[in-house]
Amino acid sequence: MSSGLIVLSFGAIALMRVAQKVTAKKVSREVQGRIFFRYGGYYNLLSAVFSLFILFIVGFDGFNMPTILCALVTAICLALELFATIEGLKVTTLVVNQMFSVGALIIPCIVGILFFNEPMSIWQWLGVLLFAIAMYFMVSETKVKQDKKKGKFSLKTILLLLLTLFAGGGTMVAQKAFAVVVPNGSVATYSFLMFALNAIILYVGYGISSLAKNNKTQTMETELQEKQNCGLPRVLLVCGLILAFAVFVINMLVTELGKYISSAILFSVSYAIGIVITILVGAIFYKEKITIRNIIGIVLCVGALALINFL
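I'd love a proper account of the overall build of the protein chain, names of residues and values included.
What the protein chain contains, in helices and strands, is 12 helices and zero strands. Listed by position from the N terminus, the elements making up the protein chain come as α-α-α-α-α-α-α-α-α-α-α-α. Out of the 311 residues belonging to the protein chain, those deemed buried represent 53%. Within the protein chain, counting contacts between residues at least 6 apart in sequence, those at least 24 apart form 89% of the total.

Take a look at the structure:
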């Protein structure tokens, strides 16, 4: 892949990140209870359909065990990341949630050293450290605001943010593993399996939660609320369609780029773009103020990006 195509790919990722972040906060306000499983299954099924169209174009090949296993691990991680993101956005800002997603890049960097023969220089490790410092500035800003209102982050909030970090890291590792283990594998096949398996996992979760609900005694008010939650409002249908296309494009491009550039560069650039976009989307669409600490965080992220890419 030429340098021009790599730049265009990152540009497309940035555009899809805008769509992803604009709808993510809206979804977090609408998704309650068991509707999470149905909504997640819906938009992953749409992503699988998008991937199916690509398969018709490039051909139905690459259905082998390594591809299936990588897709299954990715699907599980994506389901966990979706849950952590939706629930996390209910109690934190877009910026804080995104910073923990960025923190996930340390996981594929370490795995790249141990298993993929991708050593990092001292300067690249310094870049990762700068990301961690940037995370501190972002989180501490929100923590000050929460101290004035609700107190410090609850254990639940911390666990959700950590789940975002580790599930995101697992997704990156699985994508890189596919690129390394199956270097000539079909990205379209991998993406289709990943989204289809994710949809199956979430719909199975919905079925299990429905059975659990039927085994409990409920009031009429609770039953009415459950019925409302199990349907998908128009806003979630629209947001799910937008997110499905955005996530499909992002995962296709990231998986393809993983064949040509290292984990450190791939995920650092992708998530650095995500940070800037998240701050702008939060400020423009959801009135999340850009503070001095936010600006410092952005500067540190740009510095980290320079270190990881050029030294």
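Break down the nonpolar core for me, citing the residues and quoting the values.
Among the nonpolar cores identified, the biggest contains 73 residues, and Phe-10, Val-27, Val-31, Tyr-39 and Tyr-43 are the most heavily contacted of them. Looking at this core element by element, the count peaks at 12 residues for helix 10 (residues 234-257). Setting aside chain neighbours within four positions, we find Val-31 in contact with Phe-36, Tyr-39, Ile-86, Lys-90 and Leu-236. Formed by seven residues, the second largest nonpolar core is a distinct cluster that contains Ala-14, Leu-89, Leu-94 and Tyr-286.

I'd like to hear about the side chain of Thr-74, residue by residue, with values.
By secondary structure assignment, the location of Thr-74 is in helix 3 (residues 65-88). When residues no more than four places from it in sequence are discounted, the contact partners of Thr-74 are Thr-171, Ala-174, Gln-175, Tyr-190 and Met-194.

Please set out the packing of helix 7 (residues 155-181) against helix 10 residue by residue, giving values where relevant.
The geometry of helix 7 relative to helix 10 is characterised by a closest axis approach of 9 Å and an angle of 45 degrees between their N-to-C directions. Between helix 7 and helix 10, the interaxial angle falls into the category oblique. Every pair of crossing elements has a handedness; the one defined by helix 7 and helix 10 is right-handed. Taken together, the residues of helix 10 that come into contact with helix 7 (itself represented by Gln-175, Phe-178 and Ala-179) are Asn-251, Val-254 and Thr-255.

Quick rundown of a nonpolar patch on the surface? Include the residues and the values.
Taken together, the side chains of Ile-110, Ile-113, Leu-114, Phe-115, Ile-122, Trp-123, Trp-125, Leu-126, Leu-129 and Ile-133 make up a nonpolar region of the molecular surface, amounting to roughly 970 Å² of accessible area. At the level of elements, helix 5 (106-115) and helix 6 (122-149) are the ones that each hand at least two residues to the nonpolar patch. Top element by residues in the nonpolar patch is helix 6. It accounts for six residues. We classify Ile-133 as partly exposed; its relative accessible area is 32%.

Tell me about the packing of aromatic side chains, residues and numbers included.
Overall, the coordinates contain seven aromatic pairs when judged by the stated rule. With 5.2 Å between their ring centres and 65 degrees between their planes, Phe-36 and Phe-37 make a pair best called edge-to-face. A relative accessible area of 26% means that Phe-37 is categorised as partly exposed. Through successive ring pairs, a cluster of aromatic residues spans Phe-36, Phe-37 and Phe-83.

Help me get a handle on the environment of Ala-79, residues and values and all.
Within the secondary structure, Ala-79 is located in helix 3. Along the backbone, Ala-79 and Ala-167 are 88 residues apart, and their C-alpha atoms lie at a distance of 8.5 Å. For Ala-79, the residues in contact, after removing those within four places along its chain, are Phe-36, Asn-198 and Leu-202.

How would you explain the packing of helix 2 (residues 35-58) against helix 10 if you had to name every residue and give the values?
It is the contact of helix 2 with helix 10, at a shortest axis distance of 8 Å, that shows an interaxial angle of 50 degrees. With respect to each other, helix 2 and helix 10 are oriented oblique. Here the hand of the crossing between helix 2 and helix 10 comes out right-handed. Every residue of helix 10 that contacts helix 2 at Ile-35, Tyr-39, Tyr-42, Tyr-43, Leu-46, Ser-47, Phe-50, Ser-51 and Ile-54 is listed here: Leu-236, Leu-237, Cys-239, Gly-240, Leu-241, Leu-243, Ala-244, Phe-245, Val-247, Phe-248 and Met-252. In the contact of helix 2 with helix 10, the residues fall into 17 nonpolar, three polar and no charged.

Give me the lowdown on helix 5, citing residues and values where you can.
Among the residues of helix 5, Ile-107, Pro-108, Cys-109, Val-111 and Gly-112 are the ones counted as buried. One or two steps after helix 5, the chain reaches Asn-117, where phi turns positive at roughly 55 degrees.

Lay out the side chain of Thr-171 in plain terms, naming residues and giving numbers.
Relative to the helices and strands, Thr-171 resides in helix 7. For Thr-171, the contacting residues outside a window of four places in its chain are Thr-74, Cys-77, Leu-78 and Glu-81.

Go over the confidence of the model for the protein chain, please, and point to the residues and values.
Residues with a pLDDT of 70 or more make up 83% of the protein chain, whose mean pLDDT is 77. Within the protein chain, helix 9 (residues 220-230) has the poorest average pLDDT of any element, 46, and helix 3 the best, 90. Confidence over residues 143-151 falls short of pLDDT 50; this stretch has eight contacts with residues more than four positions distant or in other chains. This stretch, residues 217-230, has a pLDDT under 50; its non-local contacts, to residues over four places away or in other chains, come to 10 contacts.

Parameters at a glance
Residues numbered from 1 in each chain as written. Predicted model: local features only at pLDDT ≥ 70, side-chain atom pairs only at ≥ 80, totals over all residues. Heavy atoms only, no water. Helix = DSSP H or I, 4+ residues; strand = E, 2+ residues; numbered from the N terminus. Buried < 20%, exposed > 50% of the residue type's maximum accessible area, 1.4 Å probe, protein only. Contact = heavy atoms within 4.5 Å. Core = buried A, V, L, I, M, F, W, Y, C linked by side-chain atoms within 4.5 Å. Axes fitted to C-alpha atoms, helices over the stretch in contact; angles between N-to-C directions. Parallel < 35°, antiparallel > 145°, perpendicular 65-115°, else oblique. Left-handed = near helix turned anticlockwise from the far one by under 90°. Patch = residues over 30% accessible without salt bridge, like charges linked within 9 Å, V, L, I, M, F, W, Y side chains within 5 Å. Areas by Shrake-Rupley, 256 points an atom, 1.4 Å probe, with all protein chains shown as cover. Salt bridge = Lys/Arg side-chain N within 4 Å of Asp/Glu carboxyl O. Phe/Tyr/Trp six-rings, centres within 6.5 Å; stacked < 30°, edge-to-face > 60°. Nonpolar A, V, L, I, M, F, W, Y, C, P; charged D, E, K, R; others polar. pLDDT = per-residue confidence, 0-100.

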